[in-house]
Amino acid sequence: MNLIIDIGNTVAKIAVFEAEEVVEVFYASNDSLDVLKEVCDKYPISRGILASVIDLNDSVSQKVSKLSFPLITLDSKTLLPIQNLYESPETLGYDRIAAVVGAYTYFPGKDILVIDAGTAITYEFIDANGCYHGGNISPGIQMRFKALNNFTGKLPLVSAQGKLLHIGKDTETAIRAGVLKGVEYEIQGYIESLKHKYPELLVFLTGGDEISFDTKLKSIIFADRFLVLKGLNRILNYNNGRI
Ligand SMILES: Nc1ncnc2c1ncn2[C@@H]1O[C@H](COP(=O)(O)OP(=O)(O)O)[C@@H](O)[C@H]1O
Ligand SMILES: CC(C)(COP(=O)(O)O)[C@@H](O)C(=O)NCCC(=O)O
Ligand SMILES: [K+]
């Protein structure tokens, strides 16, 4: 079985795969990987891959170095089943390239936009020839709520849960609609502009934050919460024999 560790800026995801299939996914603190031992005791793991977008602290590094099976740490030198055209591969977030590999594994030969709504929202484009062109980084949903609160004197911290209006009627609904509708329109804008050039575009949505869409947009989006984990599993299998 494969062990996949995806350490994000908010939360770590640890998953067990059998060949290409997800067996179980765990959430863990990104500064302690608290469930790692439990997972490794529960399943017979034969190899693993770790991808992180933060520097690992000593405690996490130690836990990882003690694992009893070979573990790849995804970096800019890891072999990928796609071509990476990002001009600074050494600074590219590993979750970003993993999400792209995950999407392209499902639909090889298609033009794909991959959207990952986590701490940040990332937009990635890979073309039908398997060339990853790069993408954009924008603030995540929680970050937008926090920023409005932090950088103003009067705006409260609002959450995504609650009444969502098209046009805000008071401070709370104005902030909620501003953030959530803003993200929805941002996504819609990317889809529309890419579709001009790539009419057959497919769209994948992943990440921990739920995004609500009008039904028209919803019908063309594949939602897969585990796309980054699946991409990492694909990269691990692709590199099998090389570790
Ligand atoms: N079990 C969970 N643990 C932590 N966050 C969760 C969980 N389920 C959903 N979330 C939401 O997912 C967001 C984190 O998304 P994720 O894509 O995992 O972020 P990152 O990769 O940047 O750490 C959190 O802001 C939270 O709103
Ligand atoms: C853009 C990100 C912060 C997204 O991280 P996440 O929201 O998944 O925690 C991360 O992929 C990152 O730190 N990237 C490095 C810069 C780059 O990708 O060019
Ligand atoms: K992200």
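All values reported here derive from a predicted model rather than from experimental measurement. (Residues numbered from 1 in each chain as written. Chains lettered and ligands numbered in written order. Predicted model: local features only at pLDDT ≥ 70, side-chain atom pairs only at ≥ 80, totals over all residues. Heavy atoms only, no water.)

Participant: Which residues make up the packing of helix H3 (residues 94-106) against helix H7 (residues 227-238), and what are the values?
Facilitator: Where H3 contacts H7, the axes come no closer than 7 Å and their chain directions differ by 80°. When the axis of H3 is compared with that of H7, the two are roughly perpendicular. Facing Asp95, Ala98, Ala99, Val101, Gly102, Ala103, Thr105 and Tyr106 of H3, the residues of H7 in contact are Leu227, Val228, Lys230, Gly231, Leu232, Arg234 and Ile235. (Axes fitted to C-alpha atoms, helices over the stretch in contact; angles between N-to-C directions. Helix = DSSP H or I, 4+ residues; strand = E, 2+ residues; numbered from the N terminus. Parallel < 35°, antiparallel > 145°, perpendicular 65-115°, else oblique. Contact = heavy atoms within 4.5 Å.)

Participant: Please provide a residue-by-residue account of the pattern of salt bridges, values included.
Facilitator: Taken as a whole, this structure holds eight salt bridges when the rule is applied. As a salt-bridge pair, lysine 42 and glutamate 24 come within 2.8 Å of each other at their nearest N and O atoms. Of the two residues, lysine 42 sits in helix H1 (residues 36-42) while glutamate 24 sits in strand E3 (residues 21-28), which places them 18 residues apart along the sequence. Classification of glutamate 24 by relative accessible area gives partly exposed; the value is 25%. (Salt bridge = Lys/Arg side-chain N within 4 Å of Asp/Glu carboxyl O. Buried < 20%, exposed > 50% of the residue type's maximum accessible area, 1.4 Å probe, protein only.)

Participant: Account for empty space enclosed by the protein, naming residues and giving values.
Facilitator: As enumerated under the stated definition, the model contains one cavity of 30 Å³ or more in all. In this model, the largest cavity occupies a volume close to 70 Å³. The wall of the largest cavity is formed by Leu74, Asp75, Ser76, Leu80, Asn84, Pro89, Leu92, Tyr94 and Ile97. Each residue belonging to the lining of the largest cavity can be placed in one class, and the counts come to six nonpolar, two polar and one charged. (1 Å grid on protein atoms, 1.4 Å probe; cavity = no way out; pocket = protein on both sides within 12 Å on 5 of 7 lines; lining within 4 Å. Points joined across faces, edges and corners; volume = space filled by probe spheres on them. Nonpolar A, V, L, I, M, F, W, Y, C, P; charged D, E, K, R; others polar.)

Participant: Describe the layout of surface pockets, naming the residues involved and giving the relevant values.
Facilitator: Space left empty within the atom packing is revealed by a probe, the size of a water molecule, rolled over the atoms. Here the largest pocket is characterised by a volume of approximately 710 Å³. Around the largest pocket, the lining comprises 32 residues; the ones closest to its centre are Lys13, Asp116, Gly118, Thr119 and Ala120. When grouped by side-chain class, the residues that make up the lining of the largest pocket number twelve nonpolar, twelve polar and eight charged.

Participant: Describe the site of ligand 2, with residues and values.
Facilitator: What surrounds ligand 2 is a group of 13 residues, the closest being Asn9, Tyr86, Gly93, Asp95 and Arg96. The side chain of asparagine 9 places a nitrogen or oxygen atom 2.8 Å from an oxygen atom of ligand 2. Tyrosine 86 is positioned with one of its side-chain polar atoms (N or O) 2.6 Å from an oxygen atom of ligand 2. A total of 460 Å² of accessible area belongs to ligand 2 in isolation, and the protein chains cover 78% of it. The cavity where ligand 2 resides is the largest pocket. For the shell around ligand 2, the elements supplying multiple residues, two or more each, are H3 and strand E8 (120-126). Within the shell around ligand 2, the residues separate by chemical class into five nonpolar, six polar and two charged. (Near = heavy atom within 4 Å. Polar contact = N/O pair within 3.5 Å; in protein donor to acceptor, adjacent residues only side chain to side chain. Areas by Shrake-Rupley, 256 points an atom, 1.4 Å probe, with all protein chains shown as cover. Sits in = over half its atoms within 2 Å of the grid points.)

Participant: Describe the UniProt feature "binding site: K(+)" (unreviewed entry) in the protein chain, listing the residues and the values that go with them.
Facilitator: Feature annotation in UniProt assigns "binding site: K(+)" (unreviewed entry) to the following positions: Asp116. If you trace the backbone, aspartate 116 turns up in strand E7 (residues 112-117). Judged by its relative accessible area of 11%, aspartate 116 is buried. When neighbours within four sequence positions are excluded, aspartate 116 is seen to be in contact with Ile121, Thr122, Thr206, Gly207 and Val228. (UniProt positions renumbered as here; feature names shortened; annotations may be inferred.)

Participant: Hey, could you go over the sheet that holds strand E9 (residues 131-139) for me, with residue numbers and the actual values?
Facilitator: Reading across from one edge, E6-E9-E8-E7-E10-E11 is the order of the six strands in this open sheet, with mixed pairing throughout. Edge strands, defined here as strands with exactly one partner in the open sheet, are strand E6 (83-84) and strand E11 (221-223). Packed onto the sheet, H3 meets E6, E7, E8, E9 and strand E10 (202-206) and runs at close to 125° relative to E9. Contacting E8 and E9, helix H4 (residues 141-150) runs over the sheet at an angle of about 30° to E9. (Pairing = 2+ DSSP bridges.)

Participant: Run through the sheet that holds E3, naming residues and quoting values.
Facilitator: Read across the open sheet, the five strands follow the order E3-E2-E1-E4-E5; overall the sheet is mixed. The strands lining the two open edges of the sheet, one partner per strand, are E3 and strand E5 (71-73). Taking each pair of neighbouring strands and ignoring which way they run, the sheet shows an average axis angle of 15°. Relative to E5, strand E4 (residues 47-52) is paired through three bridges, and the arrangement is parallel. Looking across to E5, one finds that isoleucine 49 is bridged to isoleucine 72. Packing against the sheet, H7 makes contact with strand E1 (2-7), strand E2 (12-18), E3, E4 and E5, and its axis sits at approximately 130° to E1.

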